[in-house]
Amino acid sequence: MLAADHNLVRVAGRLRVTGSVPRRLRGRPLLIAANHIGNFDPFVLMAACRSIGLAPRFMLAGGLLDAPVLGSALKASGHLRVDRGSASAVQQFADAVDELRSTRVPIIVYPEGRISHDRGLWPERGKTGLARLALGSGVPVVPVSQWGAHEAVYWGTPTVSGLGDLVPLARSGFTSPLRRPTFRVHFGEPVDLAEFDAGTPGHAVKAHAKIMRTITEGLVPLRRDEPDVPRFRDPTRPTDTVSPWHP
């Protein structure tokens, strides 16, 4: 699946990866925190990880794992499930902490929880789940900043209720190989969370803010010529929030 993903990304555009994951963090539990800019960026992230010798898993919304065909493939690949707001979410969180303490496979988490609605596509405020996972398990966090994947496929619609909802995604996706966008991915230095403690009120919020600021700092040089709004205009993406991390 990683090889197929790599070929898909290579056809859709040009992948440029900078930074890496230190050797001392390989073969042990690891969280990778990335900004979320488009429907295609999970494919780009996987290709970028493969290019530096990693085969990560995602922490995914339950709906994806329940989808026909795709869900079976994702389950077989060992991706972790999270159902936000459900009665089982607390138990899933505890299970994820236990999994993190024992796995040797990096796990990718989107702290924002969704594709950014900020007009400039800067990271949204996000949620503290990743920070709580990191503090609860003692697992290091590597920040990943990415830019360009939003140009491959449109945002589309909040939910897919028919084939008509897939038309914008298909049109943009089929033209991506002709447009050849550049997908830039940067692996930053691990975020130092030693000053925070899982049992201290407010520390998860502060750790989350530090992680988000680090991701944003890594994003700045990737989009230096697009500091305010993306050049690529996606008419389907909502722009109803304002990023608190905009530099």
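Coordinates for the structure precede this section.
The rules behind the values
- Residues numbered from 1 in each chain as written.
- Predicted model: local features only at pLDDT ≥ 70, side-chain atom pairs only at ≥ 80, totals over all residues.
- Heavy atoms only, no water.
- Helix = DSSP H or I, 4+ residues; strand = E, 2+ residues; numbered from the N terminus.
- Buried < 20%, exposed > 50% of the residue type's maximum accessible area, 1.4 Å probe, protein only.
- Contact = heavy atoms within 4.5 Å.
- Areas by Shrake-Rupley, 256 points an atom, 1.4 Å probe, with all protein chains shown as cover.
- Axes fitted to C-alpha atoms, helices over the stretch in contact; angles between N-to-C directions.
- Parallel < 35°, antiparallel > 145°, perpendicular 65-115°, else oblique.
- Nonpolar A, V, L, I, M, F, W, Y, C, P; charged D, E, K, R; others polar.
- Pairing = 2+ DSSP bridges.
- Phe/Tyr/Trp six-rings, centres within 6.5 Å; stacked < 30°, edge-to-face > 60°.
- Lys NZ or Arg CZ within 6 Å of the ring centre and 35° of its normal.

1. Section: the overall build of the protein
Scanning the protein for helices and strands turns up eight helices and seven strands. Across the 247 residues that make up the protein, the buried fraction comes to 47%. Counted over contacts in the protein with a minimum sequence separation of 6, partners at least 24 positions apart contribute 79%. Total accessible area computed for the protein in this model is approximately 12200 Å², and 56% of it derives from carbon and sulfur atoms.

2. Re the packing of helix α6 (residues 129-137) against helix α8 (residues 203-219)
The geometry of a pair of packed helices is captured by two quantities: the angle between their axes and the separation between those axes. Two numbers describe how α6 lies on α8: the axes approach to 8 Å, and their chain directions differ by 110 degrees. As the angle between them shows, α6 and α8 are arranged roughly perpendicular. Within the contact between the two elements, α6 uses Leu130, Ala131, Arg132 and Leu135 and α8 uses His203, Ala204, Ala207, His208 and Ile211. Looking at side-chain class alone, the contact of α6 with α8 contains six nonpolar, two polar and one charged residues.

3. Some details on the side chain of Ser176
Tracing the backbone shows Ser176 in helix α7 (residues 167-179). Judged by relative accessible area, Ser176 falls into the buried class, the value being 1%. Apart from residues no more than four positions distant in its own chain, Ser176 is found in contact with Ala12, Ala152 and Pro181.

4. What to know about the pairing of strand β2 (residues 31-34)
Alternating residues of β2 divide into Leu31 and Ala33 and Ile32 and Ala34, and every residue in both groups is buried. The sheet contact formed by β2 and strand β5 (residues 107-109) spans three bridges and is parallel. The residue of β5 that forms the bridge with Leu31 is Ile107. Bridge analysis of β2 against strand β6 (residues 141-147) gives four bridges, and the strand direction is parallel.

5. Points about the packing of aromatic side chains
Enumeration according to the criterion identifies four aromatic pairs in this entry. Ring centres of Phe40 and Phe183 lie 5.7 Å apart, and the angle between their planes is 50 degrees; on these two criteria the pair is classed as tilted. Here Phe40 is found in the loop between β2 and α2 (41-51), whereas its partner Phe183 is found in strand β7 (residues 182-187), with 143 residues between them in sequence. The buried category is assigned to Phe40, whose relative accessible area is 6%. With a relative accessible area of 0%, Phe183 lands in the buried category. In this structure, Arg223 packs its charged tip against the face of Trp122, placed 4.1 Å from the ring centre. The ring of Trp147 carries the charged tip of Arg223 above its face, separated from the ring centre by 4.1 Å.

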